[in-house]
Amino acid sequence: MNFKEEEMDTETLKNKKTITKNTERISGSEAVVRCLIEEGVKVLYGYPGGAIMPVYDELYKYQDKIHHVLSRHEQGATHSAQGYARISGDVGVAIATSGPGATNLITGIADAQIDSTPMVCITGQVPSHLLGSDAFQETDIVGISTPVTKWNHQVTKASEIPEVIAKAFYIAKSGRPGPVLIDITKDAQFEEFDFSYKKCEGIRSYIPIPKTEQASIEAAAKLINEAKKPFVIWGQGVILSKAEEAFKTVIEKAGIPSAWTIMGASAIPTSHPLNVGMVGMHGNYAPNVLTNECDVLIAIGMRFDDRVTGKLDEYATQAKVIHFEIDPSEIDKNVKTDVAVLGDAKASLEAILPLIKTNSHLKWHQKFKDLYQIEFDKVIKGDLYPTKEGLTMGEVLKEINIQSKGEAAIVTDVGQHQMIACRYAEFNKTKSNITSGGLGTMGFGLPAAIGAKMARPDREVVSISGDGGYQMTIQELGTIFQQKTAVKIVVLNNEFLGMVRQWQQLFFDKRYASTEMTNPDFVAIAKGYYLNAKRVTKREELADAVAEMMASKEAYFLEVCVEKEGNVFPMVPSGASVSDIRLE
Amino acid sequence: MENEIKQFTVSIYTENNIGLLNRISAIFQRRHFNIESLNTSVSEIEGVSKFTILINMTEIQVKKIIGQIEKQVEVIKAYYHKEEDTIYQESCIFKMRSDLLFDERQIQNIIKESNARIVTVNKEFFVIEKSGRKEEIEEIHRKLNAFGIMQFTRSGRIAVTKDEMKISQMLKAFNH
């Protein structure tokens, strides 16, 4: 650097923050934080490290405007961001350093991708002159994250930061939402440039919401009006497009029994008379069996996941299929559609409403009720009102329902407890079922509950995990303690990786390979983090313990020791048809 | 018909972006499809790149692949074409020992009959270039192989469609 340049440089430094027209001279790292504030981000989750330190320095300076939550592992940061996004509908934000910090985000990113959760992840990267040199904590995170992101981008110049972050938020939340990763080299964080911010309003190569053809609306209405045994399966699309009211109005007018996928849970209340339960592997008996009896199957904002369809060749082959969908690549991907209604679910449902004839389909609806009775006698009664020794997961859910009056957001992990929670939790409010549906990420629950509670402190948030998944992200108790996040934590402890054990029992002749868990004292661990904590082992203690937990104004940990070898039924065995669902 | 494995040409118009090749090839890799050939170049529109990919699969599969490709944020439009819908060329070059050119008169005939051309000749080797349809290239390759080829390289397919592709209109519509 010659003398003149040096002089100019000091001059630039002096002029820092002098506003010239609409721009300001600031560093790339400050720009990152300012962009987040411009996008309305109030909370972000992350973990500092070398390559992201300039941004953390700015987060320190801006801490009165944006709250950074120190997670205990980057995976926890992503799940917290996901929980935040799922309960609020806003974009969740996670931040990490290069190398291991970045790779630790991948599980959460993959989870957000498959469950269409809007999330922006920011990673630090080694300085651009070291890219590709195997520098300390260098990893090709853009390459690694490509298959699991909706979009990703590496920034090597500070001047790119505003446009790229604006694009990131636009892509993450528009159309079918998803995760975006922005990787920023350390030199770009230090570099100064003239900052100005403009939100992204469109990208020429990207059509977030495909055009809805009026003809498709009319064709769908015709099929629905002519149907004798119509059946709706709705998914998360109803929640993502804020279509809950429009959806309810349509099914009420047409009188259609409606079932939900795990991701669609809570879009309409559990108690709604047309809500006939969950479809899929551990869903309810009636909607699974009657999928193969309906004459018109109306799929709304769902993607015919294999856990929903079972054996595809024997899935609803008798039915005409209508698919309301925002993502054109989902049409005919798994199930051949007769009428595809592309577009936003809310807009499409509002458009079809006036074309739908009022109907009730009482006789058809009675079939669902009859099959529910069979399921109640064979499964539900024993789950919720057990008489034999050993607590069931179902009765714990029943107590939570009683105490929460269906107002709580239930955040689950993955496994038996998740299926039980989804089957039995009562939901009065939308966005109340926060779970890892598509990826089945053990360890999701506890950190996701942190994000959910922070986004909606006014809501009761109950985290329900098994003893396996809980230990995958148990360190987030530290985050709960530090942030004073008033989540209620329930661990249903059966000392097994229960779902895998169930499969071993049913399909591997009870060879319990590596599914038995020797567990620590969970109450002592919670107390180690200074949380209120209790353990329940007997039925007569359960109601009071749940009541005490729910009444707590602070975080509370409740371990319930449940029967060791309980199974989740009904069950559509892997590769079987939905109508071959087993009740025992 | 839709279940029969056939050769399809996939053409993809994209923004010119680092990493997009990775994103697109990952779509094939994830589903265990082998790409027969791949060519990327500028397109007729300034700032827009074009991928031309040759693939063997069923029509049902190629439709789904197109959906997955179009879903990528920086892909403007993707199409698949059957063999009869495109006009295409492939190109190849052969490096051969120079003495063959004088010892084996047959080689000169092959070059003439195939409409190939000699690009360069020196003491040790000479280089033949041939552009054409796949079968033509396979034929000259077979014929020259008998004399011993020092090096052989073949390009990916490049293709234009008989029908119009309305990319410019699509991009214009965005600007309005």
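Rules behind the numbers
Residues numbered from 1 in each chain as written. Chains lettered and ligands numbered in written order. Predicted model: local features only at pLDDT ≥ 70, side-chain atom pairs only at ≥ 80, totals over all residues. Pairing = 2+ DSSP bridges. Helix = DSSP H or I, 4+ residues; strand = E, 2+ residues; numbered from the N terminus. Axes fitted to C-alpha atoms, helices over the stretch in contact; angles between N-to-C directions. Contact = placed C-beta atoms within 7 Å. Domains from an automatic or database assignment. Nonpolar A, V, L, I, M, F, W, Y, C, P; charged D, E, K, R; others polar. Parallel < 35°, antiparallel > 145°, perpendicular 65-115°, else oblique. Left-handed = near helix turned anticlockwise from the far one by under 90°. Buried ≥ 20, exposed ≤ 12 C-beta atoms within 10 Å, placed from the backbone. Core = buried A, V, L, I, M, F, W, Y, C linked by C-beta atoms within 7 Å.

Asks: Help me out: how do you make sense of the sheet that holds strand E1 (residues 6-15) of chain B in this one?
Replies: Picture the strands of a sheet paired through backbone hydrogen bonds; they go either parallel or antiparallel. Residue and element names in this part refer to chain B. Taken together, the four strands give an open sheet; going across it, the order is E2-E3-E1-E4, and neighbouring strands pair in antiparallel fashion. Only two strands of the sheet have a single partner each, and these edge strands are strand E2 (35-42) and strand E4 (75-81). With direction set aside, neighbouring strand axes in the sheet form an average angle of 15°. For E1 and strand E3 (residues 48-57), the ladder comprises ten bridges, and the chain directions are antiparallel. Across the sheet, residue serine 11 finds its bridge partner in E3, namely threonine 52. The strands touched by helix H1 (residues 20-30) within the sheet are E1, E2 and E3, with E2 carrying the most contacts at an inclination of about 155°. The strands that helix H2 (residues 59-70) touches are E1, E3 and E4; relative to E4, the one it contacts most, it runs at about 170°.

Asks: What should I look at first to understand the domain arrangement of chain A in this one?
Replies: The figure often quoted for interface size is the accessible area lost as the parts come together. Residues and elements named next belong to chain A. When cut into domains, chain A gives domain 1 (22-195), domain 2 (214-367) and domain 3 (390-562). Its C-alpha centre places domain 2 at a distance of 31 Å from the equivalent point of domain 3. At the junction of the two partners, domain 2 supplies twelve residues and domain 3 supplies 15 residues. When grouped by side-chain class, the residues that make up the side of domain 2 that touches domain 3 number seven nonpolar, three polar and two charged.

Asks: I tried to follow the domain arrangement of chain B on my own but got confused; where do I start?
Replies: Its domain assignment divides chain B into domain 1 (6-81) and domain 2 (87-154). When each unit is reduced to the centre of its C-alpha atoms, the spacing between domain 1 of chain B and domain 2 of chain B is 31 Å.

Asks: What am I meant to see in unusual backbone geometry here?
Replies: The bulk of non-glycine residues show a negative phi, and the bulk of peptide bonds are trans. All names here are of chain A. Residue proline 570 is bonded to the preceding phenylalanine 569 through a cis peptide linkage, with omega at 0°. Relative to the helices and strands, proline 570 is located in the segment after strand E21 (556-561). Positive phi values are uncommon outside glycine, yet aspartate 332 reaches one of about 65°. If you trace the backbone, aspartate 332 turns up in the loop between strand E14 (320-325) and strand E15 (339-342). For histidine 361, which is not glycine, the phi dihedral falls at a positive 50°. Here histidine 361 is to be found in the loop between helix H15 (345-352) and helix H16 (362-384).

Asks: What should I look at first to understand the packing of helix H17 (residues 393-404) of chain A against helix H18 (residues 416-424) of chain A in this one?
Replies: Any two packed helices are characterised by the angle at which their axes cross and by the distance between the axes. All names here are of chain A. Interhelical geometry of H17 versus H18 gives an angle of 45° and a closest axis separation of 9 Å. Considering the angle they form, H17 stands oblique to H18. Here H17 and H18 pass one another in a crossing that is right-handed. In contact with Met393, Gly394, Leu397 and Lys398 of H17, H18 contributes Gln416, His417, Ile420, Ala421 and Tyr424. Of the residues contributing to the contact of H17 with H18, the split by class is five nonpolar, three polar and one charged.

Asks: Even after reading the chapter, I still don't get the interface of chain B and chain A, so can you show me in this structure?
Replies: In this complex, chain B contributes 16 residues to the contact, which on the side of chain A involves 15 residues. When contributions to the side of chain B that touches chain A are tallied by element, the ones reaching two or more residues are H1, H2, E4 and helix H6 (167-175) of chain B. At four residues, the largest contribution of residues to the side of chain B that touches chain A is made by H1 of chain B. Per-class residue counts for the side of chain B that touches chain A are six nonpolar, four polar and six charged.

Asks: Sorry if this is basic, but what is going on with helix H19 (residues 445-455) of chain A here?
Replies: Each α-helix turn comprises 3.6 residues. Residues three or four places apart therefore point the same way. Extensive coverage of H19 of chain A is indicated by the burial of eleven of its eleven residues. Taken as a whole, H19 of chain A has its buried residues at Gly445, Leu446, Pro447, Ala448, Ala449, Ile450, Gly451, Ala452, Lys453, Met454 and Ala455 of chain A.

Asks: Looking at this structure, I do not really get the nonpolar core. What am I missing?
Replies: Across soluble globular proteins, you tend to see nonpolar side chains buried next to one another. Of all hydrophobic cores here, the largest spans 176 residues; its most connected members are Ala94 and Val120 of chain A. With eight residues, helix H8 (residues 161-173) of chain A is the largest single contributor of residues to this core. Ignoring sequence-local partners within four residues, the contact set of valine 120 of chain A consists of Val91, Val93, Ala168, Phe169, Ala172, Val180 and Ile182 of chain A. Counting 18 residues, the second-largest nonpolar core is a separate cluster that includes Tyr13, Phe51, Ile53 and Ala78 of chain B.

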